Amino acid sequence: MRHIRVKVTASAAREHVAEEDEQLHIFVKEPPQGNMANRRVVAIIAERFKVSSSAVRIVTGHRARNKTLEVRE
């Protein structure tokens, strides 16, 4: 099991991932309303670590820009 620190920018003009120090900065096009940005972040992390979306969950920061995600490999 791996824990990933992530900073999320929702409603970005383009979607991309940048590595900053020991965390990822993820820019998503989806707005923060209705959990849409969180779902997209989970999908991006799952894609990056080559696991299913169900193997990724948000541990802390559900309503914050800074999150900790857990990836089960």
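Look up: the structure comes first, before these words.
What counts and how
Residues numbered from 1 in each chain as written. Predicted model: local features only at pLDDT ≥ 70, side-chain atom pairs only at ≥ 80, totals over all residues. Heavy atoms only, no water. Core = buried A, V, L, I, M, F, W, Y, C linked by side-chain atoms within 4.5 Å. Buried < 20%, exposed > 50% of the residue type's maximum accessible area, 1.4 Å probe, protein only. Helix = DSSP H or I, 4+ residues; strand = E, 2+ residues; numbered from the N terminus. Contact = heavy atoms within 4.5 Å. Pairing = 2+ DSSP bridges. Axes fitted to C-alpha atoms, helices over the stretch in contact; angles between N-to-C directions.

Draft legend 1. Structural view of the nonpolar core. In this structure, V6, I26, V28, V41, I45, V56 and L69 are the most contacted members of the largest nonpolar core, which totals 17 residues. Among the elements that take part in this core, helix α1 (residues 36-48) stands out by supplying six residues, more than any other. Not counting residues up to four positions away in its chain, the partners in contact with V28 are V8, T9, A10, S11, A12, E15, A37, R40, V41 and I44.

Draft legend 2. Looking closely at the sheet that holds strand β4 (residues 56-60). Read across the open sheet, the five strands follow the order β2-β3-β1-β5-β4; overall the sheet is mixed. Either end of the sheet is taken by a strand with one partner, and the two such strands are β2 (16-20) and β4. Between one strand axis and the next, the sheet turns by 35° as a mean value, whatever way the strands run.

Draft legend 3. Representation of unusual backbone geometry within the structure. The phi dihedral of S11 is positive, around 60°, even though this residue is not glycine. Structurally, S11 can be placed in the loop between β1 (2-9) and β2. Under the relative-accessibility criterion, S11 is labelled partly exposed at 47%. Positive phi is not limited to glycine here, since D21 has a value of about 50°. Tracing the backbone shows D21 in the loop between β2 and β3 (23-27). Under the relative-accessibility criterion, D21 is labelled exposed at 83%.

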